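Each chain, letter by letter, is given below.
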Amino acid sequence: MHEVGIMESALALVQRHADERGASCVHRVVLRVGALSGVDPDSLRFAFEVVARGTRAEGATLVLDLVPTLVYCSSCRCEFAGDRGAIFTCPQCGDLCGEIRSGRELELSRIEMS
Amino acid sequence: MCVDCGCGKSVPFGVKVLSVLAPGLLRSSAPAPASAAAVDAGVMTVVPAPLTPLTVQVHTSLLAKNDDAAGRNRAQFVQRGMLALNLVSSPGAGKTTLLSRTVDEFGREHRCAVVVGDLETDNDARRLHRPHVPVAQITTGSACHLDADMVARGVGALDLTGVRVMFIENVGNLVCPASFDLGEAVRVVLLSATEGEDKPLKYPPIFKSAHVVLLTKIDVAEVLGFDCRAAIENIRRVAPQATLIPLSSRSGEGMAVWYDYLRQRLLPR
Ligand SMILES: Nc1nc2c(ncn2[C@@H]2O[C@H](COP(=O)(O)OP(=O)(O)OP(=O)(O)O)[C@@H](O)[C@H]2O)c(=O)[nH]1
Ligand SMILES: [Mg+2]
Ligand SMILES: [Zn+2]
């Protein structure tokens, strides 16, 4: 359950931005979460509720933008979308590919506040 | 009451809200007059103008703090000419047993040190302790993984004179350690013959981040009915980037391949 710690970092960042802008209420927090980031969206949502309690972000909407996996094939020098599963096969040459170009993201991307 | 979203929070500015407008009205993006009069049950009330919601676009990694610390660890390992490996597996897959044998055999050839993380107890550090092997135990309390700061503290507690290889035994867990870079050069993921052959399919993030996958306890595979070929096939398909080494820390089978791998990855002195 490292999602709680990750959400603490997210909300610390949110508070800092809210302080800088003199905002008193946070309405929406948007995170980018890669399919291979190793965090579980449901656990993140749960952690958000727990960690936001008593802060300016309590009651805010948490939006998780899921970042799809992009895989590189070194034989074809092409990128392709990794499917939902765990095995990434190049659609052109059929090789198994292990070079992940995106999909590990875990970022704060937008805050809406007032 | 926060006027923007009707979220029920008190707002510390000096207008007393005497009545509550419908949330739809309050969210209206049309610019509102500074002060609007509303009739609520026949009483004139003053409602503050909705604040313009402020949107801030950022692109900040939620792991930035850990990644910075990992970067410092990595720089230190490289500067000291140490090969650092992060060993990750389910609880009990054989990390400590593998490291005990490795420091006894390979460790006679090249000086090794170990930082070992567990939720509680220093049992693993005591199992690994040898006169020629500096060992630091980190107890994480409730954290289900090591982070780069903990590793920095562990490493900082050791006498690193002559150390060529730094083994970091992570907390037994296949999920959380995937997100935490410790500054290692090599991430080693262990899958043991006492687990399911399909584990790589169930935990893709950690297997896809591995440089090496060790299939451990192969001495007991047959008696347990563990299908080594199926497991190897699954590892190859999920982690085609990884070097795969089947071995047993008990019988010693495959250990020479592991030591060869370590030799190849040693940093020049
Ligand atoms: N048969 C067999 N048993 C092994 C082997 N390696 C480890 N074991 C046994 O597996 C059990 C767990 O081994 P450990 O080395 O403590 O595993 P670990 O991954 O360090 O465990 P945690 O630190 O608790 O996650 C012990 O009873 C070991 O004796 C092996 O190669 N063959
Ligand atoms: Mg252990
Ligand atoms: Zn291809």
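Preceding this paragraph is the structure being described.
Residues numbered from 1 in each chain as written. Chains lettered and ligands numbered in written order. Predicted model: local features only at pLDDT ≥ 70, side-chain atom pairs only at ≥ 80, totals over all residues. Heavy atoms only, no water.

This part takes up the site of ligand 1. All names here are of chain B. Near ligand 1 there are 19 residues, and of these Lys-95, Thr-96, Thr-97, Arg-127 and Asp-219 occur at the shortest range. Arg-127 places a side-chain nitrogen or oxygen 2.9 Å from an oxygen atom of ligand 1. Taking 650 Å² as the accessible area of ligand 1 by itself, protein coverage stands at 76%. Elements with a minimum of two residues in the shell around ligand 1: α3 (95–109) and α4 (123–128). The residue inventory of the shell around ligand 1, partitioned by class, reads three nonpolar, eight polar and eight charged. (Near = heavy atom within 4 Å. Polar contact = N/O pair within 3.5 Å; in protein donor to acceptor, adjacent residues only side chain to side chain. Areas by Shrake-Rupley, 256 points an atom, 1.4 Å probe, with all protein chains shown as cover. Helix = DSSP H or I, 4+ residues; strand = E, 2+ residues; numbered from the N terminus. Nonpolar A, V, L, I, M, F, W, Y, C, P; charged D, E, K, R; others polar.)

This part is about the packing of helix α1 (residues 3–21) of chain A against helix α2 (residues 41–52) of chain A. Packed helix pairs are specified by the crossing angle of their axes together with the interaxial distance, meaning the distance between the axes. Residues and elements named next belong to chain A. With their axes 9 Å apart at the nearest point, α1 and α2 run at an angle of 55° to one another. As the angle between them shows, α1 and α2 are arranged oblique. For the pair α1 and α2, the crossing hand works out as right-handed. Between α1, through Glu-3, Val-4, Ile-6, Met-7, Glu-8 and Leu-11, and α2, the contact on the second element is made entirely by Ser-43, Leu-44, Ala-47, Phe-48, Val-51 and Ala-52. The residue inventory of the contact of α1 with α2, partitioned by class, reads nine nonpolar, one polar and two charged. (Axes fitted to C-alpha atoms, helices over the stretch in contact; angles between N-to-C directions. Parallel < 35°, antiparallel > 145°, perpendicular 65-115°, else oblique. Left-handed = near helix turned anticlockwise from the far one by under 90°. Contact = heavy atoms within 4.5 Å.)

What follows is about the sheet that holds strand β4 (residues 78–81) of chain A. All names here are of chain A. Strand order in this open sheet of three strands is β4-β3-β5, and the pairing throughout is antiparallel. At either margin of the open sheet sits one strand with a lone partner, and together these are β4 and β5 (99–102). Neighbour to neighbour, the strand axes of the sheet diverge by 40° on average, direction disregarded. In terms of strand pairing, strand β3 (residues 70–73) meets β4 through four bridges, oriented antiparallel. Among the inter-strand pairings, Tyr-72 is bridged to a residue of β4, identified as Glu-79. (Pairing = 2+ DSSP bridges.)

As far as function goes, none of this settles anything; it's purely spatial.
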